[in-house]
Amino acid sequence: MENSFKGVIISGGAGVGKSRLAMYTQQLANQCGGYFCASKFEQNQMNAIPLATIGSLFNTLCNSYAGGATENELTLVEKELETGLGSQAGLLAGVVPSLTKLLPSYVRAETTYSNCMNAAFSMRYLFGELLRVIASHSSRLITLFIDDIQFADLTSLLLISQL
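From a predicted model like this one, the values you see are computed outputs, not experimental measurements.

## Observations concerning the overall build of the protein chain
Within the protein chain, the regular secondary structure consists of six helices and two strands. Along its sequence from the N terminus, the protein chain presents helices and strands in the succession α-β-α-α-α-α-β-α. Buried residues in the protein chain amount to 36% of all 163 residues. Of the contacts formed within the protein chain by residues at least 6 apart in sequence, a portion of 69% connects residues at least 24 apart. Of the roughly 9800 Å² that the protein chain leaves accessible, carbon and sulfur atoms contribute 54%.

## Section: the pattern of salt bridges
Enumeration according to the criterion identifies three salt bridges in this entry. With its nearest N and O atoms 3.3 Å apart, the salt bridge here joins Lys40 to Asp148. Taken together, the positions of Lys40 in strand S1 (residues 35-40) and Asp148 in the loop between strand S2 (142-147) and helix H6 (154-162) put the pair 108 residues apart, joining distant regions of the chain. A residue is classified by how much of its surface remains accessible, and Asp148, at 21% relative accessible area, is partly exposed. Within this structure, Glu80, Glu129 and Arg132 form a network of salt bridges that share partners.

## Focus on the nonpolar core
Core analysis: the biggest nonpolar cluster contains 34 residues, and Phe58, Leu81, Leu92, Leu99, Leu102, Phe127 and Leu130 have the highest contact counts within it. Put simply, the parts of the chain that give this core at least two residues each are S1, helix H2 (52-68), helix H3 (71-85), helix H4 (89-93) and helix H5 (119-136). When near neighbours in sequence (up to four residues on either side) are disregarded, Leu102 contacts Cys62, Tyr65, Ala66, Leu74, Val77, Glu78, Leu81, Leu130 and Ile134.

## Examining H2
Its 17 residues place the ends of H2 24 Å apart at the C-alpha level, agreeing with the 24 Å of an ideal helix rising 1.5 Å per residue. Every buried residue of H2 is listed here: Thr53, Ile54, Gly55, Leu57, Phe58, Leu61, Cys62, Tyr65 and Ala66.

## Digging into the packing of H2 against H3
Relative to each other, H2 and H3 sit at 135 degrees, their axes nearing to 8 Å. Taken together, H2 and H3 sit at an angle that is classed as oblique. Here Tyr65, Ala66 and Gly68 of H2 come into contact with H3, specifically with Glu73, Leu74 and Val77. Partitioning the contact of H2 with H3 into residue classes produces four nonpolar, one polar and one charged.

## Topic: the environment of Asn30
Note on placement: Asn30 falls in helix H1 (residues 18-31). With a relative accessible area of 48%, Asn30 lands in the partly exposed category. Separated by 111 residues in sequence, Asn30 and Leu141 place their C-alpha atoms 9.7 Å apart.

## Focus: a nonpolar patch on the surface
A cluster of nonpolar residues, Val8, Ile10, Leu21, Tyr24 and Leu28, forms a patch on the protein surface that exposes about 480 Å² of accessible area. By the secondary structure assignment, Ile10 is in the segment before H1.

## Details of H1
Taking 1.5 Å as the rise per residue, H1 with 14 residues should run 20 Å; its terminal C-alpha atoms sit 20 Å apart, in good agreement. One or two positions beyond H1, positive phi appears at Gly33, with a value near 80 degrees.

## Let's talk about the environment of Leu61
Tracing the sequence through the fold places Leu61 in helix H2. For Leu61 and Ser98, which are 37 residues apart along the polypeptide, the C-alpha to C-alpha distance reads 8.9 Å. For Leu61, the residues in contact, after removing those within four places along its chain, are Tyr35, Cys37, Leu131, Ile134 and Ile142.

Reading the values: rules and limits
- Starting afresh in each chain, residues are numbered from 1 along the sequence in its written order.
- Local features are withheld for residues below a pLDDT of 70 in this predicted model, meaning they are given only at 70 or higher, and side-chain atom pairs are given and counted only at 80 or more; totals for whole chains, interfaces and linings count all residues.
- Side-chain metrics rest on all non-hydrogen atoms present in the structure, leaving aside hydrogens and water.
- Helical segments are the DSSP runs of H or I of at least four residues, strand segments are the runs of E of at least two, and each set is numbered from the N terminus.
- Exposure is judged per residue with a 1.4 Å probe applied to protein chains only, and the accessible area is read against the type maximum: over 50% gives exposed, under 20% gives buried, and values in between give partly exposed.
- Any two residues whose heavy atoms approach within 4.5 Å are treated as being in contact.
- Accessible surface is estimated by sampling points in the Shrake-Rupley manner with a 1.4 Å probe; for residues, cover comes only from the protein chains shown.
- Salt bridge, as applied in this entry: a Lys or Arg side-chain nitrogen positioned within 4 Å of an Asp or Glu carboxyl oxygen.
- Among the buried residues, those of types Ala, Val, Leu, Ile, Met, Phe, Trp, Tyr and Cys that are joined through side-chain atoms within 4.5 Å form a nonpolar core.
- One less than the number of residues in a helix, times 1.5 Å, gives the span that helix is expected to have.
- To obtain an axis, a line is fitted to C-alpha atoms, over the contacting stretch when the element is a helix, and the angle between two such axes runs from 0 to 180 degrees between their N-to-C directions.
- Convention used here: angles under 35 degrees read as roughly parallel, angles over 145 as roughly antiparallel, angles from 65 to 115 as roughly perpendicular, and any remaining angle as oblique.
- Nonpolar residues are Ala, Val, Leu, Ile, Met, Phe, Trp, Tyr, Cys and Pro. Charged residues are Asp, Glu, Lys and Arg, and all others, Gly as well, are polar.
- Only residues above 30% relative accessible area that lack a salt bridge enter a patch, with like-charged residues linked at up to 9 Å and the nonpolar side chains Val, Leu, Ile, Met, Phe, Trp and Tyr linked at up to 5 Å.

Function cannot be inferred from these measures alone, as they are strictly geometric.
Rendered as structure tokens:
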């Protein structure tokens, strides 16, 4: 099925080769011209901002896409993101600053969590919409690698499960 999302979870004990497998996946993604975006949860993230690690992952994706897209592709993505994200675009831009490269004239930073009835649900939708739009306007494979997910905050785990 074309246009479908696929995911793989690499799991196992320490030293079995999970990181080596991920590095090999990165080499394959690079060879075929795909996007490989990686981020890592840290063990002692008690004071970390929720979704910061996921935001970093999507920040890399936005930068990579914007760097390789044509003006026409960027215009199409901007219009679709305006429609899909609506007034919540600023909320997402607070976590993914490079979103402004895809929505240069639209993102308003004044949107805050307090404007949302359910910020966690909104963020899951917004991240999903961002991924959907980029994937639908790119012929490149997108690989999102998240390391040490066992240290993720609950909000990030819920978001990952939705992707």
